[in-house]
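Notes for the structure review
If you want the building blocks of each chain, they are given just below.
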Amino acid sequence: MAIAVLLVLSPCAAMAVTPTWQPPPGSTEMPLWPVGKVTAPPKLKGPEEIRDTISKASGERWAMLQNVAVPTLTVFPAKGGGNGTAVMVVPGGGYRVLAMDLEGSEICDWLTGQGITCALLKYRVPASGPNWDSDCNCRDIPAVPMALQDAQRAMGLLRAQAGRWKIDPKRVGVIGFSAGGHVVAGLSTHGARSYVAIDAVDAQPSRPDFALVMYSGHLWTGAKHGLSLAGDITVDDAVPPTFIVQATDDPTDDVRESLTYYRALVGAGVPVEMHLFARGGHAFGLRVKDAPVAEWPHLAERWMRDIGMLPRVL
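Before going into details, it helps to say that this report is about the structure given with it.

Thresholds applied
- Residues numbered from 1 in each chain as written.
- Predicted model: local features only at pLDDT ≥ 70, side-chain atom pairs only at ≥ 80, totals over all residues.
- Heavy atoms only, no water.
- Axes fitted to C-alpha atoms, helices over the stretch in contact; angles between N-to-C directions.
- Helix = DSSP H or I, 4+ residues; strand = E, 2+ residues; numbered from the N terminus.
- Parallel < 35°, antiparallel > 145°, perpendicular 65-115°, else oblique.
- Left-handed = near helix turned anticlockwise from the far one by under 90°.
- Contact = heavy atoms within 4.5 Å.
- Nonpolar A, V, L, I, M, F, W, Y, C, P; charged D, E, K, R; others polar.
- Pairing = 2+ DSSP bridges.
- Disulfide = S-S within 2.5 Å.
- Buried < 20%, exposed > 50% of the residue type's maximum accessible area, 1.4 Å probe, protein only.
- Core = buried A, V, L, I, M, F, W, Y, C linked by side-chain atoms within 4.5 Å.
- Right-handed = clockwise from strand over helix to strand, strands pointing away.

1. Some words on the packing of helix H3 (residues 146-160) against helix H5 (residues 179-189)
Each packed pair of helices is defined by two parameters, the angle between the axes and the distance between the axes. Where H3 contacts H5, the axes come no closer than 10 Å and their chain directions differ by 60°. With respect to H5, the axis of H3 lies oblique. By crossing handedness, the relation of H3 to H5 is classed as right-handed. On the side of H3, the interface is formed by Ala147, Leu148, Ala151, Gln152 and Met155, while H5 contributes Val183, Gly186 and Leu187. The class makeup of the residues in the contact of H3 with H5 is 6 nonpolar, 2 polar and no charged.

2. Regarding the sheet that holds strand S5 (residues 86-90)
Within the open sheet, the 8 strands sit side by side as S1-S4-S7-S5-S10-S11-S12-S13. Their pairing is mixed. Edge positions in the sheet fall to strand S1 (28-31) and strand S13 (272-277), since each of these pairs with one other strand and no more. With direction set aside, neighbouring strand axes in the sheet form an average angle of 15°. Inspection of the sheet shows strand S10 (residues 172-177) paired to strand S11 (residues 210-214) by 5 bridges, in the parallel sense.

3. Observations concerning the state of the cysteines
All told, the structure shown has 2 disulfides when counted by the stated rule. One disulfide in the model links Cys108 with Cys118; its S-S distance is 2.0 Å. Residues Cys108 and Cys118 are joined by a disulfide whose S-S torsion is about -60°; by sign, that bridge is left-handed. Remark: Cys118 occurs in strand S7 (residues 117-122) and Cys108 occurs in helix H2 (residues 101-112); sequence separation between them is 10 residues. Each member of the pair, Cys108 together with Cys118, is buried. Taken in N- to C-terminal order, the disulfide-linked cysteines of the chain are connected 1-2, 3-4.

4. Overview of the nonpolar core
Counting residues in each nonpolar core, the largest one holds 86 residues, and the members touching the most others are Leu73, Met88, Ile175, Tyr261 and Trp296. Ranked by residue count, the leading element in this core is H3, at 7 residues. For Tyr261, the contacting residues outside a window of four places in its chain are Ala185, Ser188, Thr189, Val213, Leu219, Leu229, Ile233, Val235, Val239, Thr242 and Ile244.

5. Quick look at the sheet that holds strand S2 (residues 49-54)
Think of a sheet as strands paired side by side through backbone hydrogen bonds, with each pair either parallel or antiparallel. The sheet built from 3 strands is open, its strands ordered S2-S3-S6 with antiparallel pairing. Strands with a single pairing partner mark the edges of an open sheet, and in this sheet they are S2 and strand S6 (97-99). Here the strands of the sheet are splayed against their neighbours by 35° on average, with no regard to which way each runs. Both strand S3 (residues 61-66) and S6 contribute to a ladder of 3 bridges, which runs antiparallel. Looking at S6, one finds that Leu65 is bridged to Leu98.

6. Here's the deal with the pairing of S13
Looking down a regular strand, the side chains alternate between one sheet face and the other. Pairing of strand S12 (residues 242-247) with S13, which is carried by 6 bridges, proceeds in the parallel orientation. Note that in S13 the partner of Phe243 across the bridge is Glu273. As a crossover connection, the stretch from S12 through helix H6 (residues 256-267) into S13 is right-handed.

7. Regarding unusual backbone geometry
Of note, the bond from Val125 into Pro126 is cis; its omega dihedral lies within 30 degrees of zero at 5°. Unusually for a residue other than glycine, Asn67 sits at a positive phi of about 60°. For Asn67, the location among the structural elements is in the loop between S3 and strand S4 (72-76). Overall, Asn67 belongs to the buried group, its relative accessible area being 9%. Positioned with a positive phi, Ala283 is a non-glycine residue whose angle comes to about 60°. Its place among the elements puts Ala283 in the loop between S13 and helix H7 (296-306). Judged by its relative accessible area of 7%, Ala283 falls in the buried class.

So, in structure tokens, the structure goes:
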């Protein structure tokens, strides 16, 4: 009898649903692309799945989302009615996974508390941007910039639905962390879509009105070339006002990633503010409380007030 019961339960176990990321209550998740219009599939190694893990860089426990084939945008309404500003959040994860809480929903909680409507991007991974391929132990540059495409599509979708979310389509910013910072730099420096337009959403501008680049990678070509910018990032004077933050003890992305981008923006006459901290490591998000780097959110709020994206404090 015991054997028979096991035989009955086994198929059920095989059909168990793999746990994945779920939008928090009160938020609204939307698909980015019409059915069948995603331009390329990522190199999936299994089903979409969320796992609790600990960062080697920061020691923080975070929710790691992997194998994303269906990208989405999740909107978090601003608290207190909102002030018309929106910010899209682009989590990091080395273009392999997505840090959906540490560099995603937790950031939205901070932004909505400032009266900002937040939109969390769940973009395709893995190998959707420059990454280190552990299979070949080599650097991989995908032929299709899937993460950038998803981000451009998301910016258009957010602006196209500005009335629904009660936001000003000319006050839409973006913040990205680590690999997400590289996505933000790509959004800021590419005026044209990296895919063929498919509908009215793609008629909306994809460049943000302001940008925050947090401990980004993939911007610097390496010590042999000085402070030379990566070839896929071409800075011009149309890049929006930018805010940059990094810790100089970052063990994952050299501080010259930020210095290189800062130098290029200054050279193009782009308004840019940068804050470098001696201590903070990598992937600190909002969680570090015992070091000066914990002040970055307050500095960012002050900067957003200065550029007119948040109301000034009287």
